[in-house]
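Structural characterization, general
Below, each chain spelled out in residue letters.
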Amino acid sequence: KNILDFLLEQKWNTKTVSFFWWEPLLEFELLKKLTLHAKQRAMELNKKVNFCIATNFMLMNEKSMSFLKENNFDIHISINGDPKNNNILRDNSSDLVFSKVDTLMSNSDKKNICILIAFWPNEVKNIRVNILYLINKGFVKFNFELIYGENFTWKKQDIVNAVKEIKFLYTQHPELDIMNTHKSENFLDIDTKGTCSDNSLEFYNIRWVNSSHTAPE
C-alpha cells in the first residue's frame with residue numbers, strides 16, 4: 001500500500017498499476033485489496049488509475065474474471081500459440097487455458113486483452129501459424145518476447161526471419177496491434193537483453209529495419 005500511495009502521489013494525473021511476474025492470481029485476495037486501495041486513493045487525489053495483469057490464466061475463474069472486468073483491467077495472457085506449441089512451453093495447459101479464454105473472449109472488450117507470446121530460435125518458423133491461430137480465436141493485440149539463455153542460441157538470421165514473419169502478418173492482417181513493433185517505420189522493437197551467438201547483434205531495445213535486413217549500428 002505504501003508503494004501505491006507513493007506512486008499515486010507523483011505529479012502525473014494518470015497512473016497504471018501492473019500486477020505481473022510469477023502468477024498474480026495466486027494472491028487474488030491481496031490483488032483485490034490493493035486494487036480497491038489504489039482506486040480509493042486515486043479518487044482522493046483526483047487522479048485516474050488504470051490496472052493491468054499478466055497471467056497464465058490457469059487460475060482464472062468466474063469470480064476473478066468478474067473482478068478484473070469490473071475494474072477495467074487490461075488482461076495480458078501468456079500463450080505461446082496454438083495448443084500444440086503452447087503445450088511445449090506451458091506444461092500441457094492448453095485445454096484448460098483455451099476453455100477459459102473462449103469464455104473471456106465472448107464476454108469482453110478485445111482491446112483490453114493482449115497475448116504475451118514468447119519464442120526462441122527454433123520457434124521462429126512457427127510464428128505465422130501461431131499468430132494466425134490466435135487471430136482466428138479473436139485476438140488482435142500481441143506482445144512478442146524473445147527467450148534467450150544457454151539453451152536458446154540466437155543468430156542474426158533468426159532475427160531477420162522473425163521480422164519477415166511479422167511483416168507478412170501485418171500485410172495480411174492490418175488490424176493487428178503488436179505492442180513492441182512500429183508498423184509505420186517497419187521495424188521490430190524488442191525490450192529483451194541478450195546476445196546472438198555469432199556476436200552479430202546485441203538485442204536490447206533494438207530497432208531492426210525490416211526493409212534492409214541489416215543490423216543496427
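The structure reproduced in this document is the subject of the present report. All residue numbers refer to positions counted from 1 along the written sequence of the respective chain. Residues qualify for local features only when their pLDDT is at least 70, as the model is predicted, and side-chain atom pairs are given and counted only at 80 or more; totals for whole chains, interfaces and linings, by contrast, use all residues. Processing note: side-chain calculations cover all non-hydrogen atoms of the structure and skip hydrogens and water entirely.

Overview of the overall build of the chain
Where we set the bar: Counting from the N terminus, the helices are the DSSP runs of H or I reaching at least four residues and the strands are the DSSP runs of E reaching at least two. The contact criterion used throughout is that any non-hydrogen atoms of two residues lie within 4.5 Å. Residue exposure ignores everything except the shown protein chains as possible cover, and the areas themselves are Shrake-Rupley values with a 1.4 Å probe.
Of the regular secondary structure elements, the chain holds seven helices and nine strands. Within the chain, contacts between residues at least 6 apart in sequence are counted, and of these 64% link residues at least 24 apart. Surface summary for the chain: the accessible area is close to 12200 Å², and the carbon and sulfur share equals 50%.

What about the pattern of salt bridges?
Where we set the bar: One speaks of a salt bridge when a side-chain nitrogen belonging to Lys or Arg is within 4 Å of a carboxyl oxygen belonging to Asp or Glu. Summary of the burial criterion: residues with accessible area below 20% of their type's maximum are buried, those above 50% are exposed, and those between are partly exposed, where the area comes from a 1.4 Å probe applied to protein chains only.
This model, assessed by the stated rule, comprises seven salt bridges. In this structure, R41 engages D5 in a salt bridge whose closest nitrogen and oxygen atoms are separated by 4.0 Å. Residue R41 is found in helix 2 (residues 28–44), and its partner D5 is found in helix 1 (residues 2–8); the two are separated by 36 residues along the sequence. For the residue pair R41 and D5, the accessibility class agrees, reading buried in each case. The closest approach of N and O atoms between R41 and E44, which form a salt bridge, is 2.9 Å.

Details of the side chain of T55
Formally: Pairs of N or O atoms are called polar contacts if they sit within 3.5 Å, as long as, within protein, a hydrogen donor faces a hydrogen acceptor (for residues adjacent in sequence, only side-chain-to-side-chain pairs).
Structurally, T55 can be placed in strand 2 (residues 48–55). For T55, the side chain forms a polar contact with the side chain of E23, separated by 3.0 Å. The residues contacting T55, other than those within four sequence positions of it, are E23, L25, M60, I75, H76, I77 and S78.

A look at the layout of surface pockets
Threshold: Buried and open spaces are told apart on a 1 Å grid over the protein atoms alone, a cavity being a set of points where a 1.4 Å probe fits but cannot get out and a pocket being an open set with protein on both sides within 12 Å along at least five of seven lines. Residues with an atom within 4 Å of a point are the lining residues. Grid points are joined across faces, edges and corners, and a volume is the space filled by probe spheres set on the points. Note on residue classes: Ala, Val, Leu, Ile, Met, Phe, Trp, Tyr, Cys and Pro are nonpolar, Asp, Glu, Lys and Arg are charged, and everything else, Gly too, is polar.
Of the pockets and cavities examined, the second largest pocket occupies roughly 240 Å³. As for the second largest pocket, its lining consists of 13 residues, and the residues nearest its centre are K48, V49, N50, F51 and N71. Contributing elements (two or more residues each) for the lining of the second largest pocket: helix 2 and strand 2. Partitioning the lining of the second largest pocket into residue classes produces five nonpolar, four polar and four charged.

Focus on helix 6 (residues 127–136)
Each full turn of the α-helix corresponds to 3.6 residues, which orients residues three or four apart in the same direction. The following threshold applies: Of all possible arcs, the one meant is that of the directions from the helix axis to the C-beta atoms.
Considered for burial, the residues of helix 6 that qualify are I127, N130, I131, L134 and I135. Projected down its long axis, helix 6 carries its buried residues within an arc of 135°, all on one side. Structurally, helix 6 contributes buried residues whose contacts are with helix 4 (83–89), helix 5 (94–106), strand 4 (113–119), strand 5 (141–146) and helix 7 (156–172).

A short note on the packing of aromatic side chains
Which entries qualify depends on this criterion: Paired rings are identified among Phe, Tyr and Trp, the last through its six-membered ring, by centres lying within 6.5 Å, and are further divided according to the angle between planes into stacked (under 30 degrees), edge-to-face (over 60) and tilted (the rest).
If you walk through the whole model with that rule in mind, you get six aromatic pairs. Considering the side-chain rings of F28 and F67, the 5.8 Å spacing of their centres and the 90° angle between planes classify their relative orientation as edge-to-face. On the criterion of sequence distance, the pair formed by F28 in helix 2 and F67 in helix 3 (residues 62–70) is long-range, its members being 39 residues apart. Assessed through its relative accessible area of 11%, F28 is described here as buried. Ring plane angle 20° and centroid distance 5.2 Å describe the contact between F51 and F73, whose orientation is recorded as stacked.

Things to note about the nonpolar core
Just so we agree on the cut-off: In plain words, nonpolar cores are sets of buried Ala, Val, Leu, Ile, Met, Phe, Trp, Tyr and Cys residues tied together by side-chain atoms within 4.5 Å.
F57, F73, I77, I131 and F142 are the most contacted members of the largest nonpolar core, which has 48 residues in total. What F73 contacts, discounting residues up to four positions off in sequence, is F19, L31, T35, F51, C52, I53, F67, L68 and N112.

Some remarks on the sheet that holds strand 6 (residues 177–178)
Convention followed: At least two bridges found by DSSP between two strands are what make those strands a pair.
One open sheet holds the six strands; their spatial order is 1-2-3-4-5-6, and the pairing between them is parallel. Both edges of this open sheet fall to strand 1 (14–19) and strand 6, since each of them pairs with a single strand only. As judged from the two bridges shared by strand 5 and strand 6, these two strands associate in the parallel manner. Within the sheet, the bridge partner assigned to F142 lies in strand 6 and is I178.

Comments concerning the side chain of N80
Mapping N80 onto the fold places it in the loop between strand 3 (73–78) and helix 4. Overall, the relative accessible area of 4% leaves N80 in the buried class. Looking at N80, its side chain comes within polar contact range of the side chain of R90, at 2.8 Å. Here N80 is in contact with N85, N86, L89, R90, I117, A118, F119 and N130, once residues within four sequence places are set aside.

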